[in-house]
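In case you want the letters, here they are:
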Amino acid sequence: MTRLFLDRLAHMAIVGLGLLLVAIGVMFFFSPFPIGVPFAGVGLFVLLTRSTRARRVIRRLRTRHDWLDRRIVRIEDKSNGRLRDVLASSRPNPANGESD
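All of the points below concern the structure found in this document.

The rules behind the values
Residues numbered from 1 in each chain as written. Predicted model: local features only at pLDDT ≥ 70, side-chain atom pairs only at ≥ 80, totals over all residues. Heavy atoms only, no water. Phe/Tyr/Trp six-rings, centres within 6.5 Å; stacked < 30°, edge-to-face > 60°. Buried < 20%, exposed > 50% of the residue type's maximum accessible area, 1.4 Å probe, protein only. Helix = DSSP H or I, 4+ residues; strand = E, 2+ residues; numbered from the N terminus. Expected span 1.5 Å × (residues − 1). Contact = heavy atoms within 4.5 Å. Axes fitted to C-alpha atoms, helices over the stretch in contact; angles between N-to-C directions. Parallel < 35°, antiparallel > 145°, perpendicular 65-115°, else oblique. Left-handed = near helix turned anticlockwise from the far one by under 90°. Nonpolar A, V, L, I, M, F, W, Y, C, P; charged D, E, K, R; others polar. Patch = residues over 30% accessible without salt bridge, like charges linked within 9 Å, V, L, I, M, F, W, Y side chains within 5 Å. Areas by Shrake-Rupley, 256 points an atom, 1.4 Å probe, with all protein chains shown as cover. Salt bridge = Lys/Arg side-chain N within 4 Å of Asp/Glu carboxyl O. Lys, Arg positive; Asp, Glu negative; His and termini not counted. Charge placed at Lys NZ, Arg CZ, Asp CG, Glu CD. Arc of directions from axis to C-beta.

## Topic: the packing of aromatic side chains
Item 1. By the definition in use, this model includes one aromatic pair.
Item 2. The interplanar angle of 90° and the centroid separation of 4.9 Å between the aromatic rings of Phe29 and Phe30 together place this pair among those described as edge-to-face.
Item 3. Residue classification places Phe30 among the exposed positions, given a relative accessible area of 74%.

Following this line, the structure appears as structure tokens:
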């Protein structure tokens, strides 16, 4: 097996884990305990770090829904390091002018 195949397999496994965490978060979102929110948040973080498609989807959602963009910007402002960079990569108009 080649290195490229193993890298691709690892990428798919990590994206699959992110999707699974988001799905678990959605299932438990309306439970009496707010356990779904952390699962969905971690899942989205994993997806945004590894998937250009996820970044495009979130960017499109932020463009269409101003309330969502304001909330994500508020989280960006309160966070630092990697989380801030990942959230900034899904801004509707990237500051650096690059697109995925």
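## Let's talk about helix H2 (residues 36-50)
Item 1. Between the first and last C-alpha of H2 there are 21 Å, a value that for 15 residues agrees with the 21 Å anticipated at 1.5 Å per step.
Item 2. Inspection of H2 places Gly36, Ala40, Gly43, Val46, Leu47 and Leu48 among the buried residues, and these make up the whole buried set.
Item 3. Each element contacted by the buried residues of H2 is listed here: helix H1 (3-27), helix H3 (52-64) and helix H5 (81-88).

## Comments concerning the packing of H2 against H5
Helix packing geometry: the angle between the two helix axes and the distance between the axes.
Item 1. Two elements in contact, H2 and H5, have axes separated by 10 Å at closest approach and are oriented at 70°. It follows from the interaxial angle that H2 and H5 lie roughly perpendicular. In this structure, H2 meets H5 at a crossing whose hand is left-handed. Contact with H2, carried on its side by Phe45, Leu48 and Thr49, involves Arg82, Leu83, Val86 and Leu87 of H5 and no other residues of that element.
Item 2. For the contact of H2 with H5, the residue count by class is five nonpolar, one polar and one charged.

## Focus on a positive patch on the surface
Item 1. Where like charges cluster on the molecular surface, the positive patch consists of Arg53, Arg56, Arg60 and Arg64.
Item 2. Among the secondary structure elements, Arg60 is positioned in helix H3.
Item 3. Under the relative-accessibility criterion, Arg60 is labelled partly exposed at 44%.

## Some remarks on H3
Item 1. Across its 13 residues, H3 extends 18 Å between first and last C-alpha, which sits within 8% of the 18 Å expected from 1.5 Å per residue.
Item 2. Buried within H3 we find Ala54, Arg55, Ile58, Arg59 and Arg62. Buried residues along H3 cover an arc of 135° about the axis, so they all sit on one side. Opposite its buried face, H3 presents the exposed residues Arg53, Thr63 and Arg64, each directed more than 90 degrees away.
Item 3. For H3, the secondary structure elements touched by its buried residues are H2, helix H4 (66-78) and H5.

By themselves, these observations are geometric and do not establish any function.
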